[in-house]
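Chain by chain, the residues:
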Amino acid sequence: MTGRVFEIREFTLQDGPGVRTTVFFKGCPLRCAWCHNPEGQAFAPETLTLRDGTARRCGEDWTADALAAELLTNADIMAQSGGGVTFSGGEPLAQADFLLALIDALRTRPEATGVTLALETSGHCPPEVYRRVVSRLDFVYQDLKLHDAAAFARWCGGDLGLVRANVAWLKASGVRHVFRVPCIPGVNDAAADRVAFRAWAGDSAVEFLPYNPAAGAKYPLLGRAFPLHEGESMV
């Protein structure tokens, strides 16, 4: 079995507790208009053409054992800091079988002692898949993108019902988690939106993340327009 990733980033500090290595899975079922990793949306490999004319291939296939070894290169530093490996994307749960194999490969390597495993996810997947993977993890960053089903379909191209079912399970699961809201101007950043997100999170911690004005910079490098600037909906 192989899985496809488009980046491995070492010594990250924003993707969970401690010092971490973050691996970005290729492919996502959503098309959020503000996505700042557009090279992670399609499952197929892509070429990102930089402004100096050089090209970077986005999408590399790994076996679980080989990727586990690569992700644990700095295992001693991660363990000493209370950190570990974070699965991001794209959407890691879109490659759930490979992710489970990778979790097994990481858990069984002796150098992984003290290394925690975390997930950054949209939660847009079948509940049985979500539960099977999340129950194996130490920590989850769960996105809350929009709280209205019609708005979620318009701006993300997905079914909010899936996310709501998975969020409800997560809150009762006992798995450590934090909810994250990407605050997008004119989309989900009104005062009433914050109230709705806090109500949805309940007793769980929720972080409101400021919009990154450079979010659209990669789209021209892929030959695409930035949907949020174009005012396009996803349906």
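Refer to the preceding data block for the structure.
Numbering of residues starts from 1 in each chain and follows the order in which that chain's sequence is written. The predicted nature of this model means local features are confined to residues of pLDDT at least 70 and side-chain atom pairs, given and counted, to a pLDDT of 80 or more, with totals for whole chains, interfaces and linings taken over all residues. For side-chain calculations, the full set of non-hydrogen atoms in the structure is used, while hydrogens and water are omitted.

Caption draft 1: Seen up close, the overall build of the chain. The way it works is that DSSP assigns letters per residue, a run of H or I at least four long becomes a helix, a run of E at least two long becomes a strand, and they are numbered from the N terminus. Looking only at helices and strands, the chain has eight helices and ten strands in total. Restricting the calculation to C-alpha atoms gives the radius of gyration, and the globule rule supplies 2.2 Å times the number of residues raised to the power 0.38. On C-alpha atoms alone, the chain measures out to a radius of gyration of 17 Å, which is about the 18 Å that the 2.2 N^0.38 rule sets for 235 residues. For the chain, the spread of C-alpha atoms along the three principal axes comes to 50 × 50 × 30 Å. The classification of residues rests on relative accessible area computed with a 1.4 Å probe and restricted to protein chains. Under 20% of the type maximum is buried, over 50% is exposed, and intermediate values are partly exposed. Evaluated residue by residue, the chain yields a buried proportion of 50% over its 235 residues. Of the contacts formed within the chain by residues at least 6 apart in sequence, a portion of 68% connects residues at least 24 apart. Put simply, the chain shows about 10300 Å² of open surface, and 53% of that area lies on carbon and sulfur atoms. Counted as positive: Lys and Arg. Counted as negative: Asp and Glu, with His and the chain ends omitted from the count. Charged groups are reduced to one reference atom each: NZ for lysine, CZ for arginine, CG for aspartic acid, CD for glutamic acid. Computing the positive centroid from 23 side-chain charges and the negative centroid from 27, the chain places the two 2 Å apart. We call two residues contacting when some pair of their heavy atoms lies within 4.5 Å. All accessibility values rest on the Shrake-Rupley procedure with a 1.4 Å probe; residue burial counts only the protein chains present in the view.

Caption draft 2: Spatial organisation of helix 1 (residues 64–71). Along helix 1, the positions that sit buried rather than exposed are Ala64, Leu67, Ala68 and Leu71. End-on, the buried residues of helix 1 take up no more than an arc of 105°, which puts them together on one face. Where helix 1 is buried, its residues touch strand 1 (2–12), strand 2 (20–25), strand 5 (60–63), helix 2 (75–81), strand 6 (84–89) and helix 3 (96–108). Taking the helix axis as origin, the arc is that swept by the directions to the C-beta atoms.

Caption draft 3: Summary view of the pattern of salt bridges. Think of a salt bridge as a Lys or Arg side-chain nitrogen and an Asp or Glu carboxyl oxygen that are within 4 Å of each other. Under the defined criterion, the tally for this structure stands at eleven salt bridges. Residue Arg132 pairs with Asp97 through a salt bridge whose shortest N-O separation is 3.7 Å. Note that Arg132 is positioned in helix 4 (residues 127–134) and Asp97 in helix 3, a separation of 35 residues in sequence. One salt bridge connects Glu120 with Arg180, and the closest N-O pair in it is separated by 3.6 Å. Of this pair, Glu120 sits in strand 7 (residues 116–121) while Arg180 sits in strand 9 (residues 176–182), and the two are 60 residues apart along the sequence. Neither Glu120 nor Arg180 differs from the other in exposure class; each is buried.

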